[in-house]
Amino acid sequence: QNKNIALLTSLLFALHPVNSEAINNISNRKDLLAFFFYLSSLILYIKIDMSVKMKKIYYFAASSLAFFFALFSKEISVTLPLVLIMYDRIFVLDQKRNFFIRFKSRYIGYFAILAFYIWIRFFLIVNTSEPPVAYPGRNFYSNSMTMARVLADYIKWVFFPINIPAIPPTRHYVSSNSLFDPWVIPSIALIIVCGIITAKLCKISKE
């Protein structure tokens, strides 16, 4: 509802070079498709509470369909049901009991679509000739240490968009096998600091 914030956010998303990876590599078209349907589903969901009874059904159906398309565009869209719950919890629902009412009337539809996607993705359509994708370092612990460094780089680029490669090279991130590998602890510390700042800002303003 704040046009100035909407304009600033739109400009950041459209112009910030940290997003360039999604358009510099044609195979990343799935990122743009997933974001389009993801955001559409969220906006349509928000409009449900702003509408009269009959339109609520149309908005819910359209939001669910957009979520379906988002899921089959890219896997990251599995996070949408949790985002909807967080949105309601922060901005809409005043009492915890209302959560269960909304779960039966709305959330269950999104989770049903998610269950259908999981069934299709992991049980119905299985490419037996495709080699399994291994974690960097061959285990979850090493992958977590490595991804902490990757996430810290992206956070750094958001605030200091300097020397961002057109397509971030995968070879740049040599697997980290220990908490004490170079840059692992500073990266984790940066992520924790961002979390603390976010929590403190939430006490000042939910937005």
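Structural data are supplied above this passage.
A. Expanded view of the packing of helix α7 (residues 140-159) against helix α8 (residues 184-204). The interhelical angle for the contact between α7 and α8, taken along N-to-C directions, is 60 degrees, at an axis separation of 8 Å. Comparing their axes, α8 and α7 come out oblique. Along this stretch, α7 crosses α8, giving a crossing that reads as left-handed. Facing α7, whose interface residues are Met145, Ala148, Arg149, Leu151, Ala152 and Ile155, α8 presents Val184, Ser187, Ile188, Leu190, Ile191 and Cys194.

B. How the structure looks around a nonpolar patch on the surface. Nonpolar side chains collect at one region of the surface, where Phe72, Phe116, Ile118, Trp119, Phe122, Phe123, Leu124 and Ile125 lie side by side and expose about 860 Å² of accessible area between them. Take Trp119: it is sitting in helix α6 (residues 97-124).

C. The side chain of Ser77, seen in detail. Secondary-structure assignment places Ser77 in the loop between α4 (53-71) and α5 (80-92). According to the relative accessible area criterion, Ser77 is buried, its value standing at 0%. Not counting residues up to four positions away in its chain, the partners in contact with Ser77 are Ala34, Tyr38, Phe67, Ala70 and Leu71.

D. Quick look at the packing of aromatic side chains. For the coordinates displayed, the defined rule picks out 13 aromatic pairs. Consider the rings of Phe60 and Tyr110, whose centres lie 5.7 Å apart with planes at 90 degrees: the pair is edge-to-face. Separated by 50 residues along the polypeptide, Phe60 in helix α4 and Tyr110 in helix α6 bring together distant segments of the chain. You can call Tyr110 buried: its relative accessible area is 1%. Taking the centre distance of 5.2 Å and the plane angle of 85 degrees together, the rings of Phe72 and Tyr117 count as edge-to-face. Pair noted here: Phe72 is in the loop between α4 and α5 and Tyr117 is in helix α6, with a separation of 45 residues, a long-range link. Three or more aromatic residues joined by ring pairs make a cluster, and in this case those are Phe36, Phe37, Phe68, Phe69, Phe72, Phe116, Tyr117 and Trp119.

E. Structural context of the nonpolar core. Core analysis: the biggest nonpolar cluster contains 16 residues, and Tyr45, Phe67, Leu71, Leu80 and Leu84 have the highest contact counts within it. Among the elements that line this core, the one with the most residues is α6, at 5 residues. When residues no more than four places from it in sequence are discounted, the contact partners of Leu84 are Leu42, Tyr45, Tyr107 and Tyr110.

F. Layout of the environment of Val78. By the secondary structure assignment, Val78 is in the loop between α4 and α5. Using a relative accessible area of 34% as the deciding quantity, one classes Val78 as partly exposed. Along the chain, Val78 and Leu114 lie 36 residues apart, while their C-alpha atoms are 6.8 Å from each other. Look past the residues within four positions of Val78 in its chain and what remains in contact with it is Leu71, Leu114 and Tyr117.

About the thresholds
Residues numbered from 1 in each chain as written. Predicted model: local features only at pLDDT ≥ 70, side-chain atom pairs only at ≥ 80, totals over all residues. Heavy atoms only, no water. Axes fitted to C-alpha atoms, helices over the stretch in contact; angles between N-to-C directions. Helix = DSSP H or I, 4+ residues; strand = E, 2+ residues; numbered from the N terminus. Parallel < 35°, antiparallel > 145°, perpendicular 65-115°, else oblique. Left-handed = near helix turned anticlockwise from the far one by under 90°. Contact = heavy atoms within 4.5 Å. Patch = residues over 30% accessible without salt bridge, like charges linked within 9 Å, V, L, I, M, F, W, Y side chains within 5 Å. Areas by Shrake-Rupley, 256 points an atom, 1.4 Å probe, with all protein chains shown as cover. Salt bridge = Lys/Arg side-chain N within 4 Å of Asp/Glu carboxyl O. Buried < 20%, exposed > 50% of the residue type's maximum accessible area, 1.4 Å probe, protein only. Phe/Tyr/Trp six-rings, centres within 6.5 Å; stacked < 30°, edge-to-face > 60°. Core = buried A, V, L, I, M, F, W, Y, C linked by side-chain atoms within 4.5 Å.

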